[in-house]
2 protein chains.
Amino acid sequence: MNTTSLHTDRMRRFQQAGLYLVTSQALSRGRSTLEIVDAALAGGVRLIQLREKEMPMPDFLRLAELLRARTALAGALLIINDRVDVALAVSADGVHLGQDDFPIAAARRLAPDLVIGASTHSPAEARAAEHAGASYVNIGPLFPTQTKAWSGEFLGIEGLREVARCVKIPWTVMGGIKPEHIPALVQTGARTIALVTAITAAADPGQAARDLLALLRTGHRPTIASSSAGARAAIP
Amino acid sequence: MNTTSLHTDRMRRFQQAGLYLVTSQALSRGRSTLEIVDAALAGGVRLIQLREKEMPMPDFLRLAELLRARTALAGALLIINDRVDVALAVSADGVHLGQDDFPIAAARRLAPDLVIGASTHSPAEARAAEHAGASYVNIGPLFPTQTKAWSGEFLGIEGLREVARCVKIPWTVMGGIKPEHIPALVQTGARTIALVTAITAAADPGQAARDLLALLRTGHRPTIASSSAGARAAIP
């Protein structure tokens, strides 16, 4: 993979983030994505993907510029969904590409500094993305979700295991993830949990972020799966 | 406008092209855009915009790569519709942006080498595009056309005059242009005629290109408007 030391630094920070907020103004209960992101940053989120599929491009670029300023101040990474040109124009840290978006290999040639993520749903797609130069693959959707119309199967924990063991690059998980799933995901080796509505639709997005991050830290401990852990098993 | 000498060279060639083919596989009567472009290049076209709004991105990028190779061999300019990232990825000569596409100013900052075109429909839009750093504005639609759903007014020759005199940068014209319009357009000062179906839907796209280019050369002569020009007024 033809990347740079800036890419290495970005991936180091990516791997430390734990929680990966993907925005959706339509699923933010009337609040703006800017408000949600401000709350999430205050709550400790350090990895944010701007994804607003319905937004006209000029508005999307302006919002990307605003989020770039906010995330930079907070020391958080900003990933742009779908558009390599927007990621480059606002000096974002990365771009996330779906199976029908800009091809990974072309994006990698164009942008050796960028974190490039790929949405993958199967071992074959994950292997192809790694081979094409992706920095990470997202594996999903794991569970039924309202965020995305999806005609395929939901992977669940078993499907996740099967895809994750096919790649050497970092991977994230997404799709219908609720707090109660996190211990099992951490057990499976997940280091980075991507989610939309668990934060964007929360009554208090900042508190939701804090709770999820605390749960992730707890979940990292090898004892989490033990039902004798008592109080620690009480999930908010 | 913060551009480079490569940009200057590209604009020199742009100004010499005369005819500006905009592709549309959907309007190519069952033939591929690749076939149409090959025929148009053989017919002398030296300025091509790849515009395929319905095409999935991976196919669009592959087609852009193929057209880049073809146009480079023929010494023709290749402009990509809408996507700055695709233009950069395939080393195209430029990008053409609509009013709801990637903003001109951001594209100019990102790509000082690229020819950046803007679709404009009024004096205000044309002035704004020039101010934002566009290399050229397209003015249209001039006449009713099947290519584009359009809820605004058609500019006609008078509307064209009004928009064209607002800008100092080069301008092109588009929208329902048929061979019989060309003499009047040339009279109005048009140097570059953009069109889709006059070539893509022609029985013989290469011959259509040849005829249009010949007409443009004839049309450049100041005597063309004289009805006493006799045989010269016979338009194919």
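The structure we're discussing is the one just above.
### As for the pattern of salt bridges
Then step 1. One pass over the structure, following the stated rule, counts 16 salt bridges over all chains.
Then step 2. Two residues, Arg12(B) and Asp9(B), come together in a salt bridge whose shortest N-O distance is 2.5 Å. Placement of both Arg12(B) and Asp9(B) in helix H1 (residues 5–17) is noted, with a separation of three residues, approximately one turn of the helix.
Then step 3. Beyond isolated ion pairs, a larger network of salt bridges with shared partners links Arg10(A), Arg68(A) and Asp93(A).

### Remarks on the packing of aromatic side chains
All names here are of chain A.
Then step 1. A full pass over the atoms with the stated rule returns six aromatic pairs over all chains.
Then step 2. Arranged with centres 5.8 Å apart and planes meeting at 75°, the rings of Phe14 and Tyr20 form a pair that is edge-to-face.
Then step 3. Three or more aromatic residues link up through ring pairs in this structure, and these residues are Phe14, Tyr20 and Tyr136.

### Remarks on the interface of chain A and chain B
Then step 1. Counting from both sides, the interface comprises 19 residues of chain A and, opposite them, 19 residues of chain B.
Then step 2. Summed over both sides, the interface between chain A and chain B buries roughly 1,400 Å², with carbon and sulfur atoms accounting for 68% of that surface.
Then step 3. At the boundary of chain A and chain B, one finds two salt bridges.
Then step 4. For Arg109(A), the salt bridge goes to Glu65(B), with nearest N and O atoms at 3.7 Å.
Then step 5. Summed over the shared surface of chain A and chain B, the result is three residue pairs in polar contact (both at pLDDT 80 or more).
Then step 6. Looking at the side of chain A that touches chain B, the elements with two or more residues in it are helix H3 (57–74), helix H4 (84–89) and helix H5 (104–110) of chain A.
Then step 7. Residues belonging to the side of chain A that touches chain B are distributed by class as follows: 11 nonpolar, one polar and seven charged.

### Description of the packing of helix H2 (residues 33–42) of chain B against helix H3 (residues 57–74) of chain B
Residue and element names in this part refer to chain B.
Then step 1. Viewed as axis vectors pointing N to C, H2 and H3 meet at an angle of 10°, and their least axial separation amounts to 11 Å. By the angle between their axes, H2 is roughly parallel relative to H3. Between H2, through Thr33, Leu34, Val37, Asp38 and Leu41, and H3, the contact on the second element is made entirely by Leu63, Leu66, Leu67, Arg70, Thr71 and Ala74.
Then step 2. Along the lines of polarity and charge, the residues of the contact of H2 with H3 split into seven nonpolar, two polar and two charged.

### Looking at the nonpolar core
Then step 1. The biggest cluster of nonpolar side chains holds 125 residues, and the ones touching the most others in it are Ile80(A), Ile199(A), Ile80(B) and Ile199(B).
Then step 2. Discounting chain neighbours no more than four positions away, the residues touching Ile80(A) are Leu50(A), Phe60(A), Ala64(A), Val86(A), Ala87(A), Val90(A), Ala92(A), Gly94(A), Val95(A) and His96(A).

### Things to note about helix H1 (residues 5–17) of chain A
All names here are of chain A.
Then step 1. For H1, spanning 13 residues, the distance from its first C-alpha to its last is 19 Å, which sits close to the expected 18 Å at 1.5 Å a residue.
Then step 2. Of all the residues in H1, the buried ones are His7, Arg10, Met11, Phe14 and Ala17. All buried residues of H1 fall inside an arc of 110° around its axis, so they share one side. Set apart from the buried face of H1 by more than 90 degrees, the exposed residues are Ser5, Thr8 and Gln16.
Then step 3. Phi turns positive one or two residues past the end of H1, at Gly18, with a value near 80°.

### Notes on the relation of the copies chain A and chain B
For the pair of chain copies, the relating operation is a rotation around an axis with a shift along it.
Then step 1. When chain A is fitted onto chain B, the two copies agree to an RMSD of 0.0 Å after a turn of 180° and an axial shift of 0.0 Å. Classification of the inter-copy transformation places it as that of a two-fold axis. Residues of chain A ranked by C-alpha distance from the rotation axis are headed by Asp85(A), positioned 2.4 Å from it.
Then step 2. Comparing contact sets, 100% of the residues at the interface of chain A also lie at the interface in chain B, consistent with an isologous, same-surface contact.

### Topic: the side chain of Arg68(A)
Then step 1. For Arg68(A), the position within the fold is in helix H3.
Then step 2. The contact partners of Arg68(A), leaving out residues within four places of it in the chain, are Ala76(A), Leu77(A), Leu78(A), Val90(A), Ser91(A), Ala92(A) and Asp93(A).

### Topic: helix H7 (residues 156–164) of chain A
All names here are of chain A.
Then step 1. Taken together, the buried positions of H7 are occupied by Gly156, Gly159, Leu160, Val163 and Ala164. The arc enclosing the buried residues of H7, seen along the axis, measures out at 130°, which places them on a common side.
Then step 2. Where H7 is buried, its residues meet strand S5 (115–120), helix H6 (123–132), strand S6 (136–139), strand S7 (171–173) and helix H8 (182–187).

### A word on the environment of Leu61(B)
Then step 1. Tracing the backbone through its elements, the reader meets Leu61(B) in helix H3.
Then step 2. Separated by 146 residues in the primary sequence, Leu61(B) and Gln207(B) have C-alpha atoms spaced 28 Å apart.

### Considerations on the pairing of strand S6 (residues 136–139) of chain B
Residue and element names in this part refer to chain B.
Then step 1. In S6, alternate side chains face the same way, and those of Tyr136 and Asn138 on one face and Val137 and Ile139 on the other are all buried.
Then step 2. When strand S5 (residues 115–120) meets S6, the two strands line up parallel, connected through four bridges. By the bridge assignment for S6, Thr120 is matched with Ile139.
Then step 3. On the question of chirality, the crossover connecting S5 to the parallel S6 by way of helix H6 (residues 123–132) is right-handed.

What counts and how
Residues take numbers from 1 onward in each chain, read along the sequence in its written order. Ligands are numbered from 1 and chains lettered from A, in the order in which they are written. Local features are withheld for residues below a pLDDT of 70 in this predicted model, meaning they are given only at 70 or higher, and side-chain atom pairs are given and counted only at 80 or more; totals for whole chains, interfaces and linings count all residues. Hydrogens and water molecules were not included; the side-chain quantities draw on all heavy atoms of the structure. In what follows, salt bridge is the name for a side-chain nitrogen of Lys or Arg lying within 4 Å of a carboxyl oxygen of Asp or Glu. Secondary structure counts use DSSP, requiring at least four H or I residues in a row for a helix and at least two E residues in a row for a strand, with both numbered from the N terminus. Think of it this way: a Phe, Tyr or Trp ring, Trp meaning its six-membered ring, pairs with another when their centres are within 6.5 Å, and the plane angle makes it stacked under 30 degrees, edge-to-face over 60, tilted otherwise. Here, residues are in contact when the closest pair of their heavy atoms is within 4.5 Å. Buried area is calculated as the accessible area (1.4 Å probe) missing from two parts once they are joined, with the contributions of both summed. Distance and chemistry together define a polar contact, namely a pair of N or O atoms within 3.5 Å, with one atom able to donate a hydrogen and the other to accept it when in protein, and with adjacent residues in sequence counting only for side-chain atoms on both sides. Classification used: nonpolar for Ala, Val, Leu, Ile, Met, Phe, Trp, Tyr, Cys and Pro, charged for Asp, Glu, Lys and Arg, polar for all others including Gly. Helix axes use the C-alpha atoms of the stretch in contact, all axes being lines fitted to C-alpha atoms, and the angles between their N-to-C directions lie in the range 0 to 180 degrees. Convention used here: angles under 35 degrees read as roughly parallel, angles over 145 as roughly antiparallel, angles from 65 to 115 as roughly perpendicular, and any remaining angle as oblique. Residues belong to a common nonpolar core when they are buried Ala, Val, Leu, Ile, Met, Phe, Trp, Tyr or Cys residues joined through side-chain atoms within 4.5 Å. The classification of residues rests on relative accessible area computed with a 1.4 Å probe and restricted to protein chains. Under 20% of the type maximum is buried, over 50% is exposed, and intermediate values are partly exposed. To estimate how far a helix should extend, the number of its residues minus one is multiplied by 1.5 Å. Taken from the helix axis, the directions to the C-beta atoms give the arc we talk about. Only residues with pLDDT of at least 70 in both copies contribute their C-alpha atoms to the least-squares superposition of the copies. Following DSSP output, two strands are said to pair if at least two bridges run between them. If you view a crossover with the strands going away from you and the path from the first strand over the helix to the second runs clockwise, you call it right-handed.

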